[in-house]
Amino acid sequence: MWRACAIQTRKSDLVGSWSGAEGYGSRDKQAKALIHPLQELPTTQRLCQPESFMKSSRRKFLRHSFLGSAGMGLGIASTTEVSAEPVRAAADPEISQDVDVLVVGGGTAGVIAAIQAGRAGASVLLVERGSQLGGTMTTGGVAYPGLFDAWGKQVIAGIGWELVKESVELDDGVFPDFAKVPQRHYQNQVFINQFLYAVLAEEKCEQAGVEIAYYEFPQAVKKTDDGWQVDCAGFGTKRRVNCKQIIDCTGGAEVVGMMGLPRLREDERQPGSFLFMMGKAHEPGRNQIHRLYVHGADSTNSRTVTHANLTGRKSILAQVRKKGERLMHMQPETGFRESYRIEGETMITVNDYRSGKKFDDAICYAFYPVDLHTKNGVKPKPLKPGVVPTVPLRALVPKGSRNVIVAGRCVSSDRLANSGLRVQASCMGMGQAAGVAAALAAKSNSTPLEVPLKQIHDMLRSHGAIIPGDV
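Just so it is clear, the structure is predicted and the values come from calculations on it, not from any experiment. Per chain, the residues get numbers from 1 upward, laid out in the order the sequence is written. Predicted model: local features are reported for residues with pLDDT of at least 70 only, side-chain atom pairs are reported and counted for 80 or more only, and whole-chain, interface and lining totals are derived from all residues. Note that the side-chain values use all heavy atoms of the structure and ignore hydrogens as well as water.

**Notes on the overall build of the protein**
Selection criterion: Put simply, DSSP marks the helices as runs of H or I at least four residues long and the strands as runs of E at least two long, and each gets a number from the N terminus on. Between buried and exposed lies partly exposed: a residue is buried under 20% and exposed over 50% of the maximum accessible area for its type, with that area taken using a 1.4 Å probe on protein chains only. Contacts were defined at the residue level, with two residues in contact if any of their heavy atoms lie within 4.5 Å. Throughout, the Shrake-Rupley method with a 1.4 Å probe supplies accessible areas, and for residues the shown protein chains are the sole cover considered.
A tally of regular secondary structure across the protein gives 13 helices and 18 strands. Every one of the 471 residues in the protein was classed for burial, and the buried ones make up 50%. Taking the intrachain contacts of the protein between residues at least 6 apart in sequence as the baseline, contacts between residues at least 24 apart amount to 72%. Approximately 23,100 Å² of the protein is accessible, and the part contributed by carbon and sulfur atoms is 50%.

What follows is the structure, encoded as structure tokens:
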């Protein structure tokens, strides 16, 4: 079939991104090199060739101009391929499944909770409304987790450390020396490659038998005789989940809120951070990136998150125009420091935190300065030498609840204590403990606080975690 072709031979149509093309001469020379596959034809032929010829020419153009032009700064450097297995019942808009444990939120705490529950023998579904695991570490871009050590010894290990360690090793990175007490706390945080972390987290979920459901989130939660009925939705999907236990790792205890259980929140929240890199290349796992405070950032719902993201991106664009530097990297969304916290069976106060109170039902350590960010910035208040706070199991259980547990920054705590508890290593420790408690409760048809504490401690130790008092 003959057709009128839309191809133009103007250089501006075929010139791609020219950044990084130093040494290849002027735009005119580069443009001529790109136009080469079509230039030999007369104009009338270029505009009226058969469709089959145009497809062939386009293939030659792509092969010679893009794949054969390494170093020219073009968008395609190489192409590989992989085949995705067909998804079972992919055309069905509504599905239903039964699992032992439903983990909601695949962030810092949630991914560790899911892996641990799976390794403990539970059937696990991990629901994450985003496109990847890792939360603050990956989508937020704070690929600089801490703190796993305190006063010259490691105090948080287990599955979270396993994942961080493998990410660094695979990336040929370096570790801080935990035997040394740093002058500043951040000197013992760990640089990781956020992209490797995300895919390694998926691999470990798969190995633990955890099913992942991206782009979905609960819409309704109903109590049943055996646990919970949770209706989730994503685009093109309605999923009904019947589960024995729920682990809420949403950051803001959003599932707990759906259950009508009490939550705590301040009238004013700490600023969020939008991370980006301008003027020089970002090297994942090697350097920190620029931070933009987004004051008033609120993760309450989709509308407030949208507003925070638009505000952050608008400010970054203004900086690009003002400074005249290239925008080299930008995270997809704002990282949020503070939102809702549960009202738990106990509450960790700042006095508990600063004194290093060892709770009777402590399930992990936490270590970080009291770190409240305000409009005037942040002035971390380090803990006294030798002090290592602990997290009790009861602070992960919403008051008056059964068959639900939380992990992460929504832990039951006052605001100042939460400013230290919310960091990644501590959230990982909480996530692993919640995964064990939920898996054991599902197995015994009980609730997390009815599982003997010794069983929880023993299983945590068997999976590499450090229990307060062990070190």
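Don't stop here, the text continues.
**Description of the sheet that holds strand E12 (residues 327-330)**
Note the threshold: In this analysis, strands are considered paired if DSSP registers two or more bridges between them. Inter-axis angles, ranging from 0 to 180 degrees, are taken between N-to-C directions of lines fitted to C-alpha atoms, where helices are fitted over the stretch in contact.
Here we have three strands laid out as an open sheet, ordered E11-E10-E12, and antiparallel in their pairing. Across the chains shown, the open sheet's two edge strands, defined by having one partner strand only, are strand E11 (290-294) and E12. The average undirected angle you get between the axes of adjacent strands in this sheet is 35 degrees. Sheet analysis places strand E10 (residues 272-278) next to E12, joined by three bridges and oriented antiparallel.

**Notes on the layout of surface pockets**
Cut-off, in case you're wondering: The pocket and cavity definitions rest on a 1 Å grid over protein atoms only: a 1.4 Å probe that fits but cannot leave marks a cavity, an open set with protein on both sides within 12 Å along at least five of seven lines marks a pocket, and residues lining either have an atom within 4 Å of a point. Grid points are joined across faces, edges and corners, and a volume is the space filled by probe spheres set on the points. Nonpolar residues are Ala, Val, Leu, Ile, Met, Phe, Trp, Tyr, Cys and Pro. Charged residues are Asp, Glu, Lys and Arg, and all others, Gly as well, are polar.
Space inside the second largest pocket adds up to approximately 600 Å³. Along the walls of the second largest pocket sit 19 residues, with Val87, Arg88, Ile95, Glu211 and Arg239 positioned nearest its centre. For the lining of the second largest pocket, the secondary-structure elements that each account for two or more residues are strand E1 (94-104), strand E5 (210-214) and strand E8 (237-248). Take the lining of the second largest pocket: its biggest share by element is four residues, from E5. Partitioning the lining of the second largest pocket into residue classes produces nine nonpolar, five polar and five charged.

**A look at empty space enclosed by the protein**
Applying the stated criterion to the full structure yields one cavity of 30 Å³ or more. For the lining of the largest cavity, the per-class residue count stands at 10 nonpolar, three polar and no charged.

**What to know about the pairing of E10**
Taking burial as the measure, the seven residues of E10 include seven buried ones, the bulk of the element. In this structure, E10 lies alongside E11, joined through five bridges in antiparallel fashion. Bridge assignment links Phe274 to a residue of E11, and that residue is Leu292.

**What about the confidence of the model for the protein?**
Convention followed: Every residue carries a pLDDT, the predictor's confidence in it, which falls somewhere between 0 and 100.
For the protein, the average pLDDT comes to 87, and 84% of its residues sit at 70 or higher. In the predicted structure, residues 1-73 sits below a pLDDT of 50 and forms 77 contacts with residues beyond four places in sequence or in another chain.

**What to know about helix H7 (residues 194-207)**
Our working rule: Helix span, expected: 1.5 Å multiplied by one less than the number of residues in the helix. A 3.5 Å cut-off defines polar contacts: any pair of N or O atoms within that distance qualifies, except that in protein one atom must be a possible hydrogen donor and the other a possible acceptor, and neighbouring residues in sequence count only when both atoms are side-chain atoms.
In this model H7 runs 20 Å from its N-terminal to its C-terminal C-alpha over 14 residues, within 8% of the 20 Å that 1.5 Å per residue would give. Along H7, the residues that are buried comprise Gln194, Leu196, Tyr197, Ala198, Leu200, Ala201, Lys204 and Cys205. Check the buried side of H7 and you find it contacts helix H5 (108-119), strand E2 (124-128), helix H6 (158-170), E5, E12 and helix H12 (424-444). Where H7 begins, the capping side chain belongs to Asn193, and its oxygen is found 3.0 Å from the backbone nitrogen of Phe195. The positive-phi residue at the C-terminal boundary of H7 is Gly209, with phi of around 80 degrees.

**Thoughts on the packing of aromatic side chains**
Going by this rule: For this analysis, a ring pair means two rings from Phe, Tyr or Trp (six-membered ring only for Trp) whose centres lie within 6.5 Å, classed as stacked if their planes differ by under 30 degrees, edge-to-face if by over 60, and tilted for the remaining angles. Two conditions define a charge sitting above a ring: the NZ of Lys or the CZ of Arg must be within 6 Å of the ring centre, and it must be within 35 degrees of the ring normal.
In total, this model carries seven aromatic pairs according to the counting rule given. With a centroid separation of 4.7 Å and 35 degrees between ring planes, the pair formed by Tyr144 and Phe191 is classed as tilted. Placement of Tyr144 in the loop between E2 and strand E3 (149-150) and of Phe191 in the loop between H6 and H7 is noted, with a sequence separation of 47 residues between them. With a relative accessible area of 12%, Tyr144 lands in the buried category. Their ring planes at 50 degrees and their centres at 5.5 Å tell us that Trp161 and Phe178 sit as a pair that is tilted. Note that Trp161 is positioned in helix H6 and Phe178 in the loop between H6 and H7, a separation of 17 residues in sequence. The pair Trp161 / Phe178 is uniform in exposure class, with both members buried. Of the aromatic side chains, those joined through ring pairs into one cluster are Phe148, Trp161, Phe175 and Phe178. One cation-aromatic arrangement involves Lys223 over Trp228; the distance from NZ or CZ to the ring centre is 4.9 Å.

**A word on the pattern of salt bridges**
Note on pairing: side chains with opposite charge can pair once their charged atoms come close. Under the convention used in this document: One side-chain nitrogen of Lys or Arg within 4 Å of one carboxyl oxygen of Asp or Glu is enough to make a salt bridge.
With the rule as written, the count across this model stands at 21 salt bridges. A salt bridge links Lys204 to Glu162; the shortest N-O distance between them is 2.7 Å. Of this pair, Lys204 sits in helix H7 while Glu162 sits in helix H6, placing them 42 residues apart in sequence. For Lys204, a relative accessible area of 5% gives the class buried. Classification of Glu162 as partly exposed rests on a relative accessible area of 23%. Overlapping salt bridges, with partners in common, bring together Arg119, Glu162, Glu166 and Lys204 in one network.

**Regarding the environment of Ala220**
The topology assignment puts Ala220 in strand E6 (residues 217-224). Owing to a relative accessible area of 35%, Ala220 belongs among the partly exposed residues under this scheme. Put simply, Ala220 and Arg240 are 20 residues apart on the chain and 9.6 Å apart in space, counted from C-alpha to C-alpha. For Ala220, the residues in contact, after removing those within four places along its chain, are Gln229, Val230 and Asp231.

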